[in-house]
Amino acid sequence: MSEEIKVQRKKRSLSLIQPTSVPTLGNYLGAMRGWADFQEDFDTIFGIADLHSITVRQDPKKLREQTVQLYALLMSVGLEPEKSVLFVQSHVPQHSQLGWLLNCYTQFGELSRMTQFKDKSKQHSDNVNAGLFTYPCLMAADILLYQADVVPVGADQKQHLEIARDIAERFNGVYGNVFTVPEPYIPKAGARVMSLADPTRKMSKSDPNPKGTVYLTDEPNVIMKKFKSAVTDSEMSVRYADGKDGINNLMTIYSAVTGKDYQAIEDEFAGKGYGDFKTAVGEAVVAELEPVQKKYKELMNDKAYLQECWTNGGNFAQRLSQRTLDKAMKKIGFLMK
């Protein structure tokens, strides 16, 4: 008698990223570099959250350009349409539809306590719109539509996942088991990269100082220039220590892209000046990003292929998400066609 082999389904994960700017070296070393391996272990769904981005006024031309660029960059860091569902959020109207339904199962008080709403209301006091307030309901819809088992989260997104879980449990409590209640997934920590201009602050897409941030699309000569102007200290000793924020940051970056530990880095640059070290870090980053940038340029020169990929990804995401939407609508009592 043959032994039955049971194949265990991979857990499904969902990640969305906004197309509000080009990702930085910090985004890449902190998370994006590990996404290619992540898709081997999980049934992965990646989306570009363009609907979320319009809670803040966007330039239409720039939004379209950045959405295309981000899609190409996601593929350039190793995400493959054959292995992951890779789509643009606005191409899947089920997100907006379930988002409205979940608005009606979310309490005003819950939304008013969201930290991001409070922070963004202060930053954009001239545009405190309803979308900014109900943002968590759309984010919950993003997750619940695909019955995601896990959602990779950082500390700044934990509250949004918690409210998504609360909404799912509330809905399930009324109508039965409709939504998978997602668990947080804390990815293996990547390098925490700080600003090259102010190493006490995290490297950010929105840094007003252009010297502080390295973008994935920066040309090699631009990258080198930014590293050569990086803030350090007056000690002229390459070693990791308290009070040496600039050098600590450069050592973190160099370690992340070369695999060398801090002691090996200290030994390599013993007796050498900061100029030598900055040049070495810049060259190592250029070498690390070279295959990513090469793939990115190839993709950006083949817009027809990119469009084929995001069209196929969107169509697949629609079919997948419609199942959940239909189930939720039937439970609520809507007349189905």
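The text that follows walks through the structure, step by step, so that each part is easy to find. (Residues numbered from 1 in each chain as written. Predicted model: local features only at pLDDT ≥ 70, side-chain atom pairs only at ≥ 80, totals over all residues. Heavy atoms only, no water.)

Under the criterion given, the structure shown has 16 salt bridges. With its nearest N and O atoms 3.1 Å apart, the salt bridge here joins Asp 43 to Arg 12. On the criterion of sequence distance, the pair formed by Asp 43 in strand β2 (residues 43-48) and Arg 12 in strand β1 (residues 12-17) is long-range, its members being 31 residues apart. Overall, Asp 43 belongs to the partly exposed group, its relative accessible area being 25%. (Salt bridge = Lys/Arg side-chain N within 4 Å of Asp/Glu carboxyl O. Helix = DSSP H or I, 4+ residues; strand = E, 2+ residues; numbered from the N terminus. Buried < 20%, exposed > 50% of the residue type's maximum accessible area, 1.4 Å probe, protein only.)

This next bit is on the side chain of Asp 50. Counting through the fold element by element, Asp 50 comes out in helix α3 (residues 50-53). Of the buried charged residues, Asp 50 lacks a salt bridge, with Arg 64 as the closest side chain of opposite charge at 9.8 Å. A polar contact of 2.5 Å, which involves the side chain of Asp 50, links it to the side chain of Ser 90. When neighbours within four sequence positions are excluded, Asp 50 is seen to be in contact with Pro 19, Thr 67, Val 88, Gln 89 and Ser 90. (Lys, Arg positive; Asp, Glu negative; His and termini not counted. Polar contact = N/O pair within 3.5 Å; in protein donor to acceptor, adjacent residues only side chain to side chain. Contact = heavy atoms within 4.5 Å.)

Turning to the layout of surface pockets, a few remarks are in order. Approximately 240 Å³ is the volume found for the second largest pocket. Considering the residues around the second largest pocket, the lining is formed by 14 residues, among which Leu 51, Gly 131, Thr 134, Tyr 135 and Leu 138 are closest to the centre. Examining the composition of the lining of the second largest pocket, we find that 5 residues originate from one element, helix α8 (residues 130-144), more than from any other. Across the lining of the second largest pocket, the residue classes break down as 6 nonpolar, 8 polar and no charged. (1 Å grid on protein atoms, 1.4 Å probe; cavity = no way out; pocket = protein on both sides within 12 Å on 5 of 7 lines; lining within 4 Å. Points joined across faces, edges and corners; volume = space filled by probe spheres on them. Nonpolar A, V, L, I, M, F, W, Y, C, P; charged D, E, K, R; others polar.)

Turning next to empty space enclosed by the protein. Empty space among the atoms becomes apparent when a probe as large as a water molecule is rolled across them. Evaluation of the coordinates by the stated rule reveals 1 cavity of 30 Å³ or more. Of the voids in this model, the largest cavity is the one considered here, and its volume is about 40 Å³. Together, Met 114, Gln 116, Phe 117, Lys 120, Leu 132, Tyr 135, Pro 136 and His 160 line the largest cavity. Mapped by element, the contributors of at least two residues to the lining of the largest cavity are α7 (115-123) and α8. Partitioned by chemical class, the residues of the lining of the largest cavity number 5 nonpolar, 2 polar and 1 charged.

Applying the stated criterion to the full structure yields 15 aromatic pairs. Measuring from ring centre to ring centre gives 4.5 Å for Phe 38 and Phe 42, while their planes differ by 25°; the resulting arrangement is stacked. Measuring from centroid to centroid gives 5.9 Å for Tyr 71 and Trp 310, while their planes differ by 80°, and the two rings are edge-to-face. Placement of Tyr 71 in helix α4 (residues 60-76) and of Trp 310 in helix α14 (residues 303-332) is noted, with a sequence separation of 239 residues between them. (Phe/Tyr/Trp six-rings, centres within 6.5 Å; stacked < 30°, edge-to-face > 60°.)

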